[in-house]
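A closer look at the structure
One letter stands for each residue in the lines below.
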Amino acid sequence: MPWKVGRDRVLQLMLRRFVQRGALLVRFPDGREAMLGPGGEPSGGLHLKTEHAVRRMMLNPSLALGELYMEGEIEPIAGSLHDMLDVLSLNQTLSGDPGFSWILNWGRWAVRRLRQLNPAGLARRRISYHYDIDEAVYGLFLDEDRQYSCAYFPTGTETLEEAQLAKKRHIAAKLKLDRPGLEVLDIGCGWGGMALTLAREYGARVTGITLSREQLAIARARAEAAGLADQVRFELLDYRAWDRPMDRVVSVGMVEHVGINHYGTYFGAVARALREDGVALVHGIGRSTGPGATNPWINRYIFPGGYSPAVSEVVPAVEKAGLWITDMEILRLHYALTLREWSRRFAAHREEIRARHDERFCRMFEFYLAGSESAFRHGGHMNWQLQLTRTVDALPLNRDYMLRAEQAPPGYAAAPAMTSLAV
């Protein structure tokens, strides 16, 4: 019908203006195809299989793209899902969303503080929404230690297991675990891998806290199985309820769940949890493009109430908490490499996961992993690590101790001959 053809042409015009880099092949429901963009890489394509898909992509592409893929109304062509999302992610960074989506984005910005309110009860429900879905699924695509955060690839050639171990040792070096028996608080401990590593390799006494009941049960079982239950304990506890100072605080992949309204509370809690000479390491997802709003599809289906803050949004809260930023590192493509491996492993176990859930669930997770990888490759996302202290002299004058600790063999901290690495 003429009105359908007209709508297709309007979307084609919107996308033509949108694609400034690379090449995007678009196939419409009637079989017509249009090649958009100047060509080159990245390149990919999408098939809009229904008129409903065309209409939704015109009105709200940021939400519609993922939903339509979940429902099978959009399929990648001329390449993979990763290829399609790479083109779209890069051009979104360059052009913003196509058409009149800027109006919706302005609205999301206007209400982002409301959406990120995370009082303790709501925070627990939101964490459960993602982390308590089915622990067996995570076991199929994560590494053996179930590290669900950015790995660290010193050369880019490491296996996922090697890179996740390198991440834990990289963080441990910044915590300066230079003697056994140091008390460590792990905020957002996940399935316990970081806590168990700090106890086993560095002789630390660790308390991990989480809001996920499934993570808590698995972490406790792992501590028992490893013979570390007297050295590591795990609690179902909100970070705001912690009331005892520790030697060290570590928090990996937790700040994304805090919410922009609560950064002052969060870093205040970190400060209160540190003894006077204590050291903290906070590792989070950030954005190089400055403050923004969470993608609506991610907010609805993956991390309700979540937000990845720019460094400029967390530094004021760190300062108000009275903490020193003694070291800051930006990890750029490390999470893209991590997500690519998670996607590969998810695909290898797709039929098993589909049998446990359904096709729609598999498509949701595929889109989440592939879209997140594209965000880290082309969309300005990255990871930041902040080393924090309460006092100016809690750490050595230079960073050499980090390198020495990172290169030391496992278990060095527990050896009597290595009581300190201070310079």
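Rules used in this analysis
Residues numbered from 1 in each chain as written. Predicted model: local features only at pLDDT ≥ 70, side-chain atom pairs only at ≥ 80, totals over all residues. Heavy atoms only, no water. UniProt positions renumbered as here; feature names shortened; annotations may be inferred. Phe/Tyr/Trp six-rings, centres within 6.5 Å; stacked < 30°, edge-to-face > 60°. Helix = DSSP H or I, 4+ residues; strand = E, 2+ residues; numbered from the N terminus. Buried < 20%, exposed > 50% of the residue type's maximum accessible area, 1.4 Å probe, protein only. Lys NZ or Arg CZ within 6 Å of the ring centre and 35° of its normal. Core = buried A, V, L, I, M, F, W, Y, C linked by side-chain atoms within 4.5 Å. Contact = heavy atoms within 4.5 Å.

Per an unreviewed UniProt entry, the protein goes by the name Class I SAM-dependent methyltransferase and belongs to Roseococcus pinisoli. On record in UniProt, under Sequence similarities (unreviewed entry), the comment for the protein is "Belongs to the CFA/CMAS family."

A few words now on the packing of aromatic side chains. Tallying each qualifying case throughout the model produces 23 aromatic pairs. For the pair Tyr131 and Phe303, a centre-to-centre distance of 6.4 Å together with 35 degrees between the ring planes defines the contact as tilted. Residue Tyr131 is located in helix H7 (residues 120-131), and its partner Phe303 is located in the loop between helix H13 (296-301) and helix H14 (311-320); the two are separated by 172 residues in the primary sequence. Of the two residues examined, Tyr131 and Phe303, each falls in the buried class. Ring centres 5.3 Å apart and planes at 50 degrees place the aromatic pair Tyr148 and Trp342 in the tilted group. Remark: Trp342 occurs in helix H15 (residues 334-348) and Tyr148 occurs in the loop between helix H8 (135-141) and helix H9 (160-175); sequence separation between them is 194 residues. Across the pair, Trp342 and Tyr148 agree in class, each one buried. In this structure, Arg363 is placed above the aromatic ring of Tyr69, and the distance from its NZ or CZ to the ring centre is 4.6 Å.

Turning our eyes to something else, we now look at the nonpolar core. Residues Leu48, Phe141, Tyr148, Trp297 and Phe365 are the most contacted members of the largest nonpolar core, which totals 65 residues. For this core, the element with the most residues is helix H17 (residues 359-378), which contributes nine residues. Discounting residues that sit within four places of it in the chain, Tyr148 has contacts with His130, Tyr131, Tyr138, Phe141, Leu142, Trp191, Phe303, Tyr335, Trp342, Phe365 and Tyr368. With 32 residues, the next largest nonpolar core counts Val258, Tyr307, Ala317 and Val318 among its residues.

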